[in-house]
Amino acid sequence: MLSSSFVAYFFLLSVWSSLGLDRTDRLLINSDPQALQVQINHLIQELGKTNQEVSYLKSQLSSQHHQISSCAGSTFTVWGKQSCPKVNGTELVYNGFTSGSQYNEKGNGVNTLCLPHDPENLLTSISVSTGNDYAHLYGAEYQFNIGRIQIDDNVPCAVCQTKRASSTIMIPGKRSCPIHWQKQYSGILTANWYDYQESEYLCIDEDPDYVEGSRRNENGRLFYPVKTVCGSLPCPPYENGNLLTCVVCSK
């Protein structure tokens, strides 16, 4: 067993090393225990200051983390719904009417929009070269029946924010998300009819809503389900003529 004097000696060596004492200081401390106590008290004070600095830095780091977390988030649109998924951390920004280009017009925008229920008009007037120099924006209609949805029903939309993610993706051909990703909703992959003007592929919620009182054939942006065509698309794993699913995931 180590003697107490041996342990004390190594303790002194540790203190001397921490304080950066030279040989003269060490001899002084050896001959004067009070000097040793003074040095130990000084060391304790320095450690106390260091602990305070560490606590302050931790507080600053926690504050910065909170600020970063409050700024984090990702937005996405649920096509065919008036509400957002019941997922913890996901909330509604606004809902409205799905809109886009007329199915057979050559111009206009190529993307699909979610128009709010409460539009705000321009505060100033503009002029164009001729009376017809405008792009057009139409509503949208389903072109398939599913659940309570019928052909020609108008398509609602909901813009949502998830505060627990920094990115959101739509994966075609899947109903589940990759590991570590949060499923927001799954649905039916849709686009314009193959012989009409091109459109983007969008994921309609698998339990879609419709705009009340809209069951009229007025066309506009049309949503058709998408089927696979084998050839350049490898089969297997895909099968010719299958309807495609989709899922929206966040992380």
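Our subject is the structure listed above.
It should be emphasised that the depicted structure is a prediction, and the values quoted were computed from it without experimental measurement.

Enquirer: If you had to explain the environment of lysine 174 to someone new, which residues and values would you point to?
Expert: Residue placement: lysine 174 occurs in the loop between strand S6 (168–172) and strand S7 (182–191). Residue classification places lysine 174 among the partly exposed positions, given a relative accessible area of 40%. Considered as a pair, lysine 174 and valine 248 are 74 residues apart in the sequence and their alpha carbons are 9.2 Å apart. Discounting residues that sit within four places of it in the chain, lysine 174 has contacts with Thr245, Cys246 and Val247.

Enquirer: Describe the nonpolar core, with residues and values.
Expert: Of all hydrophobic cores here, the largest spans 26 residues; its most connected members are Trp79, Tyr185, Ile204 and Phe223. In this structure, phenylalanine 223 is in contact with Thr98, Thr112, Ala140, Glu141, Tyr142, Gln143, Phe144, Val155, Thr190, Ala191, Leu202 and Ile204, ignoring residues within four places of it in sequence.

Enquirer: I'd like a rundown of the state of the cysteines, residues and numbers included.
Expert: Under the defined criterion, the tally for this structure stands at 5 disulfides. With a sulfur-sulfur separation of 1.9 Å, cysteine 230 is cross-linked through a disulfide to cysteine 235. A torsion of -95 degrees about the S-S bond marks the disulfide between cysteine 230 and cysteine 235 as left-handed. Taking relative accessible area as the criterion, cysteine 235 reaches 32% and is therefore assigned partly exposed. Within the protein, bonded cysteines paired by disulfides and numbered along the sequence follow the pattern 1-4, 2-3, 5-10, 6-9, 7-8.

Enquirer: If you had to explain the pattern of salt bridges to someone new, which residues and values would you point to?
Expert: According to the stated counting rule, one finds 6 salt bridges in the structure shown. Here aspartate 209 and lysine 81 are joined by a salt bridge, their closest N and O atoms 3.4 Å apart. Taken together, the residues span a long stretch of sequence, with aspartate 209 in the loop between strand S8 (202–205) and strand S9 (221–225) and lysine 81 in the loop between strand S1 (74–79) and strand S2 (90–100) at a distance of 128 residues. Since its relative accessible area comes to 13%, lysine 81 is described here as buried. Put simply, arginine 148 and aspartate 209 hold a salt bridge, and the shortest N to O gap is 2.5 Å. Highlighted residues: arginine 148 in the loop between strand S4 (138–142) and strand S5 (156–162) and aspartate 209 in the loop between S8 and S9, separated in sequence by 61 residues. Accessibility expressed as a relative area gives 43% for arginine 148, which makes it partly exposed.

Enquirer: So what's going on with the side chain of aspartate 152? Which residues, and what values?
Expert: Structurally, aspartate 152 is set in the loop between S4 and S5. Relative accessible area serves as the criterion here: at 16%, aspartate 152 is assigned to the buried category. Engagement of the side chain of aspartate 152 in a polar contact is seen with the side chain of glutamine 143, the distance being 3.5 Å.

Enquirer: Give me the lowdown on a nonpolar patch on the surface, citing residues and values where you can.
Expert: A cluster of nonpolar side chains, Phe97, Leu113, Leu115 and Leu137, forms an exposed patch at the surface whose accessible area comes to about 310 Å². Among the secondary structure elements, leucine 113 is positioned in strand S3 (residues 113–116).

Reading the values: the criteria
Residues numbered from 1 in each chain as written. Predicted model: local features only at pLDDT ≥ 70, side-chain atom pairs only at ≥ 80, totals over all residues. Heavy atoms only, no water. Helix = DSSP H or I, 4+ residues; strand = E, 2+ residues; numbered from the N terminus. Buried < 20%, exposed > 50% of the residue type's maximum accessible area, 1.4 Å probe, protein only. Contact = heavy atoms within 4.5 Å. Core = buried A, V, L, I, M, F, W, Y, C linked by side-chain atoms within 4.5 Å. Disulfide = S-S within 2.5 Å. Salt bridge = Lys/Arg side-chain N within 4 Å of Asp/Glu carboxyl O. Polar contact = N/O pair within 3.5 Å; in protein donor to acceptor, adjacent residues only side chain to side chain. Patch = residues over 30% accessible without salt bridge, like charges linked within 9 Å, V, L, I, M, F, W, Y side chains within 5 Å. Areas by Shrake-Rupley, 256 points an atom, 1.4 Å probe, with all protein chains shown as cover.

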